[in-house]
Structure formats: structure tokens, C-alpha cells
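Fold and geometry: a report
Below are the chains, spelled out letter by letter.
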Amino acid sequence: INHIVHNGGLYKRPFNEAFEETPMLVAVLTYVGYGVLTLFGYLRDFMRQWKIEKCQNATEREEQKDFVPLYQDFENFYNRNLYMRIRDSWNRPICSVPGAKVDMMERVSHDYNWTFTYTGRVIKDVINMGSYNYLGFAQKAGTCQEAAAKVLSQYGAGVCSTRQEMGNLDKHEELEKLVARFLGVESAMAYGMGFATNSMNIPALVGKGCLILSDELNHASLVLGARLSGATIRIFKHNNMQSLEKLLKDAIVHGQPRTRRPWKKILILVEGIYSMEGSIVRLPEVIALKKKYKSYLYLDEAHSIGALGPGGRGVVEYFGLSPEDVDVMMGTFTKSFGAAGGYIGGKKELIDYLRTYSHSAVYATSLSPPVVEQIITSMKCIMGEDGTTVGKARVQQLAENTRYFRRRLKEMGFIIYGNEDSPVVPLMLYMPAKIGAFGREMLKRNIGVVVVGFPATPIIESRARFCLSAAHTKEMLDTALKEINEVGDLLQLKYSRHRLVPLLDRPFDETTYEETED
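From a predicted model like this one, the values you see are computed outputs, not experimental measurements.

1. Quick look at the sheet that holds strand β15 (residues 450-452)
Strand order in the open sheet formed by three strands is β13-β16-β15, and the pairing between neighbours is antiparallel. At either end of the open sheet lies a strand with only one pairing partner, and these are β13 (424-430) and β15. Between one strand axis and the next, the sheet turns by 25 degrees as a mean value, whatever way the strands run. Of the strand pairs in this sheet, β13 and strand β16 (residues 462-467) are connected by six bridges, and their pairing is antiparallel.

Here is the structure:
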């Protein structure tokens, strides 16, 4: 399904997203594959129970057999019998800066992935297609590294206190003023962990008697924050404005369950770029609905800040909207800025309130000074305040890499999800056996990729997820594309029935399709 949206003048630019339907035969074979794996899983569990096969999973001690079980056997069924087969595709240790290329420690398993042994060999110069290093600031040399090293020698590595006690440095104040200026908001606050920025601040903003409307594909940190808040949660279909508007109407008409009192607050939770789908939030429509129904908007820009917009200011700038229309602007420093932590930006009253009531602000240790300096230096580079155009060039390079990579994969015949401007590129694998096979084959060819399966995705929508970077050269991308094409033929991954026609004279933004025979 291709979405090309203009929607009554809300959008100032084309909004092209593609989510091609899973071919029926592929879906059936995927379910059959999981069915066969499940049957063999039960057979192996039976063999383990009767000591025919060695049992390596966690089990109760004999003297605790009468206790309430600590390890729920069935809950771990997937881990034991499906995940363990392809466990070598995850948690691969790297031993270098996670830049455009990485060095990876080789490991082997002699017991079917239950344990790993390191060989001592290092796989050099693996092209890194998995890290969220969107603007290429993860580097061991350059102005950011030099500035961080200088601050490390002056301030040390840790702060050993919270912001409210002895951990409030002049660097933290400088960072927050810079973030507010970068976002175009009145005030901002920085936190030491991106995940906790969501999970610890949402409970400070809403509580019992409030309603949260959450996109069905929101990140785990938003889901946890919503659950911890005690507010009522209702889910709308991914990026579906009709579904969101129906929930808003129902909430206003019917009010709270049983009492029918009006909700104290209605908070809409969305992300800028959805990290598994590669889709971009329909922000102009969300803001229009927010204003129409007088609710609040919480925007998570973890993946979009730095990666979208002409100046790298995220999805708000990408759509040409005003930051004032977003009540709570959240983002992380872990991706585009090559650092750690997160931030919340908005009106001064909001930030002053969070400084007092947010668990992340009151109880968490302050950001490490070298990390703060890394963020400050990279952000000033993006803004052009370092006296160069390096930051702007990186933002443009990322946009070019994204469009080129996505277009080439579609031309090859792969099913690619998401928006054409999203640097997160999901390539659909579907079948369980192909998850591990794709990761292993790509590593053999010196390409490091991230593969994702159930339960992180729906059971029939396993995928490989590429994350593009401004640090990737065209030669690197062409090498990766050549190997992906080869592995795609080897594993028969070219499922698309809407193959792009490569035309040399085609305008840059235009897309041409031809129907290919099934």
C-alpha cells in the first residue's frame, strides 16, 4: 500500500510511504515454518524431560520442586527452541568505534548457541549497517573527541550526585540552553538515559483520571511510561488518523468509564520515526486533531532529531511546523549526536514542573561531563555555530544516502517498509529460518546487519533493519547493496510484486512502478 499524501494543504511536501502487503504464499509458508519449529520444540522438550537430550535451560532445584515455579517453562519455550537456534545473530561484541566500519570479535559455539567461545580473532573493517550513527558523530578523532577529552581532564568521568544535590554542573546548564535554542522552545532539560526520559517522565505528566492515546507501534519506553502512570491507555492503529480521531471523539463524548466524568487530560503519544517500520509520523494531521479536540501531544524524536529536516531539527522542521504546536518534545542524544542520554523541551512552566516532580530528575545521577561536551560540540556543528558547514553537509549526505539506498533495494525487488526519507530501512525476510541465515551470510561478506523477529515484530513480519549514516560513502553503500543483492538471490528474498523500474532520466523524487508476474 503506497501513501502519497497532500491532505487539504496540511502537508507542504510529498509524503510517500510504502507498506507492501505480504504475499499469501509467503505468509502461509512462514506460519508452516513456525509450526514445524514448534512441533520440534515440543519433541525436544520431551527428550529433555526424559534425559535423552541434555537440558541446558534454567530449571528448579530438586529441593524447590514444591515451591511456586521461579522459571515458567512454557514462557521460555520460544527462547529455548526457536530463539536459541539463531542466537548467534545478536549480541555480537565489537571492539572499535561504531562508525561506518567496525571491528568485530569472532566467536563460535559448540553447543548450538547455548554458550559462546571467543577465538581471539578480530574481523576487521565490517561495514556497519546497524548502528544509529545517523550523522557520523560516533568517531575516535575530530573536534568532538578532542573537546570531550579536554573536558574529561578538567571534570573527570563521573558526577557522583543528582542534579538537585551536588551534580549540577555549568556544562549541564550550557547544554540545556543550547538544546532549547536548537529545538526552538522556551526551555529544555537533559537526562542521563534516553529510555528513562520516557518511562520516568510520562508518569509525572499524567495519572489516574487521565487518558493516554498511544500509537500501536510505540517504543517500549513509551509503553512502560504509560503503564507506570496509572492513566487509562487506549491504542490507535499505526499512523491512522481516522482511528485516532475516533478515539478522541469517544473520549470526549463518553468521558471516563462508569462515572462519565470528563477526562482530566488527554495525552497523545507518537514517535517521529518508528524504529521498526521506518515510517514517519503524520505530524500535521496529529497537530490538527490535537487542536480540534484540545488534547496534549507528546512527541518522541529519538530517531528523527538530527536525521530529518533541512537543519537536522527533526520531524517538526521536516514538515515546516512550529515547535509551539507540540506540548512535550522528547528526544535522545544516543543516535544522531553519538553520545548518551535524552531531553525534554517545551514551555518553561513544563520544564520547571519536571525539575521538581520527575523521578529521572530527582533520583538519577547527572550526565557525565565528557558525554555532555560530545553533545554540545556535535549540536553546535549541526547548527553551524562551529564556523563550518560540516554539520549541514552531514544532514544532506544522510538524506542522499537514504534515498539512494532505498531506491536501489526497491529496484532489486525486495519489500521495503517505511517512508522514502527515513534512514531506518526495514527489508522484509518473513520466514524464521531466513532471519539467522541472512545475518550469517551478510557477516561472511563483511557486512554487519541487525535482524529482527518475533516478539519484536509480528510473527510473520521478520525483517533485517538497516540504519544509514552520513559516514557511509557511496562505495560502501554500493558494496553493501551488491552483497545484499547476492544474498537476496541466494535466500530468495525478492518478494516484491511492485518492482521499481530504474530509469536514468527519472526525476529524483518520482517513483515509477511496473506490475511483475507472480
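2. Structural notes on helix α4 (residues 170-183)
Its 14 residues place the ends of α4 20 Å apart at the C-alpha level, agreeing with the 20 Å of an ideal helix rising 1.5 Å per residue. Considered for burial, the residues of α4 that qualify are K171, H172, L175, E176, L178, V179, A180, F182 and L183. Buried-residue contacts for α4 involve α3 (143-155), β5 (187-191), β10 (328-332), β11 (342-346), α10 (348-357) and α12 (369-383). Positive phi appears at G184, one or two residues downstream of α4, with a value of about 80 degrees.

3. What about the pairing of strand β2 (residues 15-18)?
Residues of β2 alternate between two faces, with F15 and E17 on one and N16 and A18 on the opposite face, all of them buried. One ladder, built from two bridges, connects β2 with strand β12 (residues 418-419); its direction is antiparallel. For A18, the partnering residue across the bridge sits in β12 and is G418.

4. Re the confidence of the model for the chain
Predicted confidence across the chain gives a mean pLDDT of 92, with 94% of residues reaching 70 or more. Scored below 50 in pLDDT, residues 503-518 shows 29 contacts in the model against residues more than four places distant or in partner chains.

5. Things to note about the UniProt feature "domain: Aminotransferase class I/classII large" (unreviewed entry) in the chain
The UniProt entry lists residues 124-484 under the feature "domain: Aminotransferase class I/classII large" (unreviewed entry), expressed in the numbering used here. Segment residues 124-484 splits into 43% helix and 17% strand. End C-alpha atoms: 19 Å apart.

6. Some points on unusual backbone geometry
Cis geometry is found at the peptide bond from F454 to P455, where omega equals 10 degrees. Looking at the element boundaries, P455 is found in the loop between β15 and β16. Positive phi, normally seen in glycine, also occurs at N239, with a value near 55 degrees. Tracing the chain through its elements places N239 in the loop between β7 (232-236) and α7 (241-254). Positioned with a positive phi, Y430 is a non-glycine residue whose angle comes to about 70 degrees.

7. So, a nonpolar patch on the surface
Together, M24, V28, V32, V36, L39, F40, L43, F46, W50 and I52 make up an exposed nonpolar region whose accessible area comes to about 1100 Å². Take M24: it is sitting in helix α1 (residues 24-49).

8. Some words on the nonpolar core
Ranked by internal contacts, the top residues of the largest apolar core, which has 105 residues, are M129, F405, L409, F438 and F466. Taken domain by domain, the makeup of this core includes at least three residues from each of domain 1 (19-128 + 389-498) and domain 2 (143-383). Setting aside chain neighbours within four positions, we find M129 in contact with F405, I447, G448, V449, R465, F466, C467, L468, H472, L477 and A480. Counting residues in hydrophobic clusters, the runner-up holds 21 residues, among them Y191, L267, I344 and L350.

9. Overview of a positive patch on the surface
Taken together, the side chains of K208, R258, K264 and K265 define a basic patch exposed on the protein surface. Structurally, K265 can be placed in the loop between α7 and β8 (266-271).

10. Let's talk about the domain arrangement of the chain
Entries for the chain in the domain assignment read domain 1 (19-128 + 389-498) and domain 2 (143-383). A separation of 29 Å is found between the C-alpha centroids of domain 1 and domain 2. At the junction of the two partners, domain 1 supplies 20 residues and domain 2 supplies 17 residues. Taken together, both faces of the contact between domain 1 and domain 2 bury some 1400 Å²; the carbon and sulfur share is 62%.

11. Re the UniProt feature "transmembrane region" (unreviewed entry) in the chain
Under the present numbering, the feature "transmembrane region" (unreviewed entry) in UniProt falls on residues 24-43. Secondary structure content for residues 24-43 is 100% helix and 0% strand, and the end C-alpha separation is 29 Å.

12. Thoughts on the pattern of salt bridges
Scanning all chains against the criterion turns up 33 salt bridges. The closest approach of N and O atoms between E245 and K292, which form a salt bridge, is 3.0 Å. Taken together, the residues E245 in helix α7 and K292 in helix α8 (residues 283-293) connect sequence positions 47 residues apart. Given the relative accessible area of 53%, K292 is considered exposed. Several salt bridges converge on common partners, so that one network encompasses E441, K444, R445, K482, E483 and E486.

13. A word on the packing of aromatic side chains
Scanning all chains against the criterion turns up 17 aromatic pairs. Geometrically, the ring pair formed by F15 and F319 is tilted, given 5.7 Å between the ring centres and 40 degrees between the ring planes. Highlighted residues: F15 in strand β2 and F319 in the loop between α9 (315-318) and β10, separated in sequence by 304 residues. Exposure class is identical for F15 and F319. Each is buried. Centroid distance F46 to W50: 6.4 Å. Interplanar angle 50 degrees. Geometry classified as tilted. Each residue in the set Y11, F15, Y318 and F319 is aromatic and connected to the rest through ring pairs, giving one cluster. Its guanidinium or amino end placed over the ring of F116, R107 lies 4.1 Å from that ring's centre, counting from NZ or CZ. Directly above the ring of F137 sits R394, whose terminal nitrogen or CZ lies 4.4 Å from the centroid.

So, how was this worked out
Residues numbered from 1 in each chain as written. Predicted model: local features only at pLDDT ≥ 70, side-chain atom pairs only at ≥ 80, totals over all residues. Heavy atoms only, no water. Pairing = 2+ DSSP bridges. Helix = DSSP H or I, 4+ residues; strand = E, 2+ residues; numbered from the N terminus. Axes fitted to C-alpha atoms, helices over the stretch in contact; angles between N-to-C directions. Expected span 1.5 Å × (residues − 1). Buried < 20%, exposed > 50% of the residue type's maximum accessible area, 1.4 Å probe, protein only. Contact = heavy atoms within 4.5 Å. pLDDT = per-residue confidence, 0-100. UniProt positions renumbered as here; feature names shortened; annotations may be inferred. Patch = residues over 30% accessible without salt bridge, like charges linked within 9 Å, V, L, I, M, F, W, Y side chains within 5 Å. Areas by Shrake-Rupley, 256 points an atom, 1.4 Å probe, with all protein chains shown as cover. Salt bridge = Lys/Arg side-chain N within 4 Å of Asp/Glu carboxyl O. Core = buried A, V, L, I, M, F, W, Y, C linked by side-chain atoms within 4.5 Å. Domains from an automatic or database assignment. Lys, Arg positive; Asp, Glu negative; His and termini not counted. Charge placed at Lys NZ, Arg CZ, Asp CG, Glu CD. Buried area = accessible area lost by both parts, 1.4 Å probe. Phe/Tyr/Trp six-rings, centres within 6.5 Å; stacked < 30°, edge-to-face > 60°. Lys NZ or Arg CZ within 6 Å of the ring centre and 35° of its normal.

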